[in-house]
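Residues per chain, in single letters:
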Amino acid sequence: MKELTILDTLTLSVPDRFREMNESEKKSLRYVGSGPAAVLKSEEDHMIVNLGYKSLGRLMSSLFSEETLAKGAEKGIRKASGAYGYRLLGFGECRVGGKTGTSFRYTYQVQGIDMAAECCVVKVNGTFFYLYVYYREERKEESCRIWKEILERVRWAA
């Protein structure tokens, strides 16, 4: 397993076949907002895992919920991905390392390939963590199994 820690708060463990993408690879991806803290890719699994965060501080973050920020993220992705056949599948809860957050799932198409994605938003001590996964629709069952295992293994320092 490989481990990656963000802000000394979230530690993500992924199978060894995932590697951190370099800067030129990251530039080829489309982002909503300021971009990710880390992007991991498994060529073998045709999956990308993207981690980001937004620190608002305890006072400001008390004004927002995971649901509010997830809906804002979805709106930005919908706007940026309209040309790719974006389709929202719905909102729900996600479990990330024992914490509950808000998630949404969607599908889109890239170069004729049907893709699916999920975003989980979890708030910890004034910081909202965004965990995304992107995978090929044809590998949905296996990709969702791997994603669930990754989320279960997340460790929180706070």
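Figured I'd write up the structure that's included with this text. (Residues numbered from 1 in each chain as written. Predicted model: local features only at pLDDT ≥ 70, side-chain atom pairs only at ≥ 80, totals over all residues. Heavy atoms only, no water.)

1. A short note on the sheet that holds strand β3 (residues 19–20)
Then, number 1: Judged by pairing direction, the sheet is antiparallel, and its seven strands sit side by side in the order β3-β4-β5-β9-β8-β7-β6 without closing on themselves. Single-partner strands in this sheet number two, and they are β3 and β6 (87–96).
Then, number 2: By the bridge criterion, ten bridges tie strand β8 (residues 113–124) to strand β9 (residues 127–136) in an arrangement that is antiparallel. Opposite Val122, over in β9, you have Phe129 as the bridge partner.
Then, number 3: Docked against the sheet, helix α4 (residues 140–153) engages β5 (47–55), β6, β8 and β9, running at close to 155° with respect to β9. (Pairing = 2+ DSSP bridges. Helix = DSSP H or I, 4+ residues; strand = E, 2+ residues; numbered from the N terminus. Contact = heavy atoms within 4.5 Å. Axes fitted to C-alpha atoms, helices over the stretch in contact; angles between N-to-C directions.)

2. A word on the nonpolar core
Then, number 1: Ranked by internal contacts, the top residues of the largest apolar core, which has 27 residues, are Leu12, Val49, Leu51, Val96 and Leu131.
Then, number 2: Elements that contribute at least two residues to this core include exactly β1 (2–6), β2 (10–14), β4 (38–42), β5, β6, β8, β9 and α4.
Then, number 3: Leave out the neighbours within four places in its chain, and Val96 touches Cys120, Val122, Leu131, Leu151, Val154 and Trp156.
Then, number 4: Ala70, Tyr86, Val121 and Tyr132 belong to the second largest nonpolar core, which has 19 residues in total. (Core = buried A, V, L, I, M, F, W, Y, C linked by side-chain atoms within 4.5 Å. Buried < 20%, exposed > 50% of the residue type's maximum accessible area, 1.4 Å probe, protein only.)

3. Some remarks on the side chain of Thr102
Then, number 1: Counting through the fold element by element, Thr102 comes out in strand β7 (residues 99–110).
Then, number 2: You can call Thr102 buried: its relative accessible area is 14%.
Then, number 3: A distance of 3.4 Å separates a polar side-chain atom of Thr102 from the backbone nitrogen of Glu67.
Then, number 4: Beyond its immediate stretch of four places on either side in the chain, Thr102 contacts Glu66, Glu67, Ala70, Phe91, Gly92, Cys94, Cys119, Cys120 and Val121. (Polar contact = N/O pair within 3.5 Å; in protein donor to acceptor, adjacent residues only side chain to side chain.)

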